[in-house]
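Chains, contacts and geometry: an overview
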Amino acid sequence: MDVSEKSPVETHALRLAESLRSRSTVQVVLESMFYGSICTSTFFGNLLILYIIYKPPRLRNVPGLFIASLAFSDTATIALATPPSFASLIAGRWTCGFIACQLQGFVVIASVAASLQIMALMSIDRYFRVVQPMKHRIFFTMPRARLMTASVWILSLMYPVPYRASDRKHIFHPGKFFCFHEADSSFTADVIYICIFISLAVLSFCYFKVFRHLRLDTRRVKNLRGASVATDDNTRHISQEEIRLTGSLFVTVLAYLICWTPVLIVDFVETGVGDWSLSHGVYVMYTTIGTTSSSLNPIMESLIKHFVENTGGFFASSTD
């Protein structure tokens, strides 16, 4: 077939494949080292979090369960999805075969969905812990938290199914250097974006309510300072430990959102100007930033150490 007879997507795919294949040795080394260092630090950082949470009994609770689930999702992504991409980045082409491509596409979608939904679950936990503490004691017991986490994972594993059930295949994207859905957009391919927007909506709502409640609680404490006033569990003063933990978790979630914003922008721009139509550099940035989001979870390590050493009462009170 003559190049002039090819579709725009096929033309862009050939251009990106040539860009990946024809990179200089210096560019190959720099891109591979940068991507490899992110993957390595992410993998071992999240393994360390799983170990830290497992070791002290006081962290085997609802917050610890959610943080461990997020770390497990990120570890699975790095372990299962990034090695073929790393090999492709070095070789300048896909080297791992058809089955590995389908597995990578499945893992990427499922793990992204799991991470976003776990973060949404963490925000719901914070909402009830701060705004509705009485209901938190009812809904966020350990057995129910385990059920919630299991449900999130089952749902996440179902997200790639409609795409595969429609007889679609994941194909290697030479710009993003990983296996992605086919270029033509469809509802089954866009299911993950529905998950993203729902998760973002839940995160925004919960943290807005949490910080609004914390601000009102601070004002109430100032007004009642010096007075002896009885409070019930739903109007109690929020401890500084809980405020710091809530703020720290929010910062971590915000960092995730900062990483994923350019990824979503690239996807939407690509949809507007044409699939696979952007440059090699833009797509390398896309994949690198998306992978970097998984490395943010090790920030939790320092938070966990801090609260184990200084705020054990909070974690103890979260264990049911």
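Structure's up top.
Keep in mind it's a predicted model, so treat the numbers as computed, not measured.

1. Remarks on the overall build of the protein chain
For the protein chain, the helix and strand inventory stands at twelve helices and two strands. Overall, the protein chain shows an N-to-C arrangement of helices and strands of α-α-α-α-α-α-α-β-β-α-α-α-α-α. Across the 320 residues that make up the protein chain, the buried fraction comes to 49%. In the protein chain, of all internal contacts separated by at least 6 residues, the share reaching a separation of at least 24 is 79%. Accessible area of the protein chain: about 15400 Å², with a carbon and sulfur share of 68%.

2. Describing unusual backbone geometry
Phi is positive for D167, which is not a glycine, with a value near 65°. Look at D167 and you get exposed, because its relative accessible area is 62%. For F177, which is not glycine, the phi torsion reads 50° and is therefore positive. For F177, the position within the fold is in the loop between β1 (171–173) and β2 (178–180). Classification of F177 as buried rests on a relative accessible area of 0%.

3. Some words on the side chain of D125
Within the fold, D125 resides in helix α4 (residues 97–130). For D125, a relative accessible area of 3% gives the class buried. Polar contacts involving the side chain of D125 include one to the side chain of H136, which spans 2.8 Å.

4. Here we look at the nonpolar core
Counting 56 residues, the largest nonpolar core has F66, M119 and I192 as the members making the most contacts within it. Once residues within four sequence positions are removed from consideration, F66 is found in contact with I118, L121, M122, D125, F140, A145 and T149.

5. Some details on the packing of α4 against helix α6 (residues 142–158)
Following both chains from N to C, one finds α4 and α6 inclined at 150°, their axes separated by 8 Å at the closest point. The two elements α4 and α6 meet at a crossing, and its hand is right-handed. Judged by residue contacts, F106, A110, A113, A114, Q117, I118 and L121 of α4 engage M148, T149, V152, W153, L155, S156 and L157 from α6. Per-class residue counts for the contact of α4 with α6 are eleven nonpolar, three polar and no charged.

6. Details of the state of the cysteines
Counted by the stated rule, this structure contains one disulfide. The side chain of C101 participates in a disulfide bridge whose partner is C179; the two sulfur atoms lie 2.0 Å from each other. Residues C101 and C179 share a disulfide whose torsion about the S-S bond is about -120°; that sign makes it left-handed. Taken together, the positions of C101 in helix α4 and C179 in strand β2 put the pair 78 residues apart, joining distant regions of the chain.

Definitions and limits used
Residues numbered from 1 in each chain as written. Predicted model: local features only at pLDDT ≥ 70, side-chain atom pairs only at ≥ 80, totals over all residues. Heavy atoms only, no water. Helix = DSSP H or I, 4+ residues; strand = E, 2+ residues; numbered from the N terminus. Buried < 20%, exposed > 50% of the residue type's maximum accessible area, 1.4 Å probe, protein only. Contact = heavy atoms within 4.5 Å. Areas by Shrake-Rupley, 256 points an atom, 1.4 Å probe, with all protein chains shown as cover. Polar contact = N/O pair within 3.5 Å; in protein donor to acceptor, adjacent residues only side chain to side chain. Core = buried A, V, L, I, M, F, W, Y, C linked by side-chain atoms within 4.5 Å. Axes fitted to C-alpha atoms, helices over the stretch in contact; angles between N-to-C directions. Left-handed = near helix turned anticlockwise from the far one by under 90°. Nonpolar A, V, L, I, M, F, W, Y, C, P; charged D, E, K, R; others polar. Disulfide = S-S within 2.5 Å.

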